[in-house]
Amino acid sequence: MTNTRAFSTCDLCDAHISDDSGDFRVLPPVFRSLGGHAHFAGEVRTVQCLDDNSLVRAALAEPGLGRVLVVDGGGSLRRALVGGNVAASAARNGWAGVLVYGCVRDVAELGATPVGLYALALNPMPTVKQGQGLRDVMVQIAGVPVRSGDWLYADEDGVVISRRNLTA
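Residues numbered from 1 in each chain as written. Predicted model: local features only at pLDDT ≥ 70, side-chain atom pairs only at ≥ 80, totals over all residues. Heavy atoms only, no water.

Participant: I would appreciate a short explanation of the nonpolar core in the present structure.
Facilitator: Of all hydrophobic cores here, the largest spans 22 residues; its most connected members are V56, L69, V82, V98 and V100. When residues of this core are traced back to their parent elements, those giving at least two are α2 (54–60), β4 (68–72), β5 (80–82), α3 (84–92), β6 (97–104) and β7 (116–122). The element that contributes the greatest number of residues to this core is α2, accounting for four residues. Non-local contacts of V82, meaning those with residues more than four positions away in its chain, are made with V56, A87, V98, V100, C103, V104, R105 and L117. (Core = buried A, V, L, I, M, F, W, Y, C linked by side-chain atoms within 4.5 Å. Buried < 20%, exposed > 50% of the residue type's maximum accessible area, 1.4 Å probe, protein only. Helix = DSSP H or I, 4+ residues; strand = E, 2+ residues; numbered from the N terminus. Contact = heavy atoms within 4.5 Å.)

What follows is the structure in structure tokens.
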């Protein structure tokens, strides 16, 4: 688990301003911080799904070990992929945070849950549960590639992705 107060995304960007290798990436500023922690970091695990949070729920029910789940919901604004119960499961199981390229719901519960949570928007509509999606695959988050094993750093200034742990 990373000491989440040991970094600033601005400082990380300053240190990697000339990195054109693709090892250091910045996500577009389209995400809102909706969880109890706006500042978090950890090794990435991925889920790719569309309007079905079955694999998100399953992943966050497992030991998080300080990791961050990156959910590629295809940018869909039709249904919420994380709600209060799922966020509570993430916190209970030791996940540092969740980044959702899609919607979430239960904003009051999310804000009271001690976990990082970034998403595009809010939508009160729940998902369908059909067990569809993929885990631990390369995903595209707003056009930026993210892989399981990458590291995510999020704070009030933005979200960055790195191939390696930058605070070890």
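Participant: Explain the side chain of N53 here, please?
Facilitator: Along the chain, N53 falls in the loop between β3 (40–48) and α2. Look at N53 and you get buried, because its relative accessible area is 5%. Here the side chain of N53 touches T127 through a polar contact of 2.9 Å, side chain to side chain. Polar contacts involving the side chain of N53 include one to the side chain of K129, which spans 3.3 Å. When near neighbours in sequence (up to four residues on either side) are disregarded, N53 contacts L81, V86, T127, V128 and K129. (Polar contact = N/O pair within 3.5 Å; in protein donor to acceptor, adjacent residues only side chain to side chain.)

Participant: I would appreciate a short explanation of unusual backbone geometry in the present structure.
Facilitator: Notably, L65 is not glycine yet its phi reads approximately 55°, a positive angle. Positionally, L65 belongs in the loop between α2 and β4. The phi dihedral of A142 falls on the positive side, at around 50°, and the residue is not glycine. With respect to the helices, strands and loops of the structure, A142 is situated in the loop between β9 (139–141) and β10 (144–146).

Participant: Just checking my understanding: could you explain the packing of aromatic side chains for this structure?
Facilitator: Geometry of an aromatic ring pair is reported as the spacing of the ring centres plus the angle between the planes. Throughout the structure, instances matching the rule amount to three aromatic pairs. With centroids separated by 5.2 Å and ring planes inclined at 75°, the aromatic side chains of F7 and Y153 adopt a geometry described as edge-to-face. Of this pair, F7 sits in the segment before α1 (9–15) while Y153 sits in strand β11 (residues 151–155), placing them 146 residues apart in sequence. Its relative accessible area of 7% is what places F7 among the buried residues. (Phe/Tyr/Trp six-rings, centres within 6.5 Å; stacked < 30°, edge-to-face > 60°.)

Participant: I keep staring at the side chain of D155 and nothing clicks. Help me out?
Facilitator: Mapped onto the elements, D155 comes out in strand β11. Once residues lying within four places of it in the same chain are set aside, the contact partners of D155 are F7, S8, T9, A38, H39 and Y118.

Participant: For this particular structure, what's the right way to read the environment of Y118?
Facilitator: Mapped onto the elements, Y118 comes out in strand β7. Under the relative-accessibility criterion, Y118 is labelled buried at 5%. Spatially, the C-alpha atom of Y118 lies 9.5 Å from that of V30, the residues being 88 residues apart in sequence. Every residue in contact with Y118, bar those within four places of it in the chain, is listed here: F31, R32, S33, A38, F40, V98, L99, V100, A154, D155, E156 and V159.

Participant: Just checking my understanding: could you explain the pattern of salt bridges for this structure?
Facilitator: Note that side chains of opposite charge can pair when their charged atoms are close. Here the structure, examined in full by the defined rule, presents six salt bridges. Residues R45 and E43 are paired through a salt bridge, measuring 3.6 Å at the closest nitrogen-oxygen approach. The partly exposed category is assigned to R45, whose relative accessible area is 23%. As a salt-bridge pair, R135 and E62 come within 2.8 Å of each other at their nearest N and O atoms. Here E62 lies in the loop between α2 and β4 and R135 lies in strand β8 (residues 134–135), a separation of 73 residues in the sequence. (Salt bridge = Lys/Arg side-chain N within 4 Å of Asp/Glu carboxyl O.)

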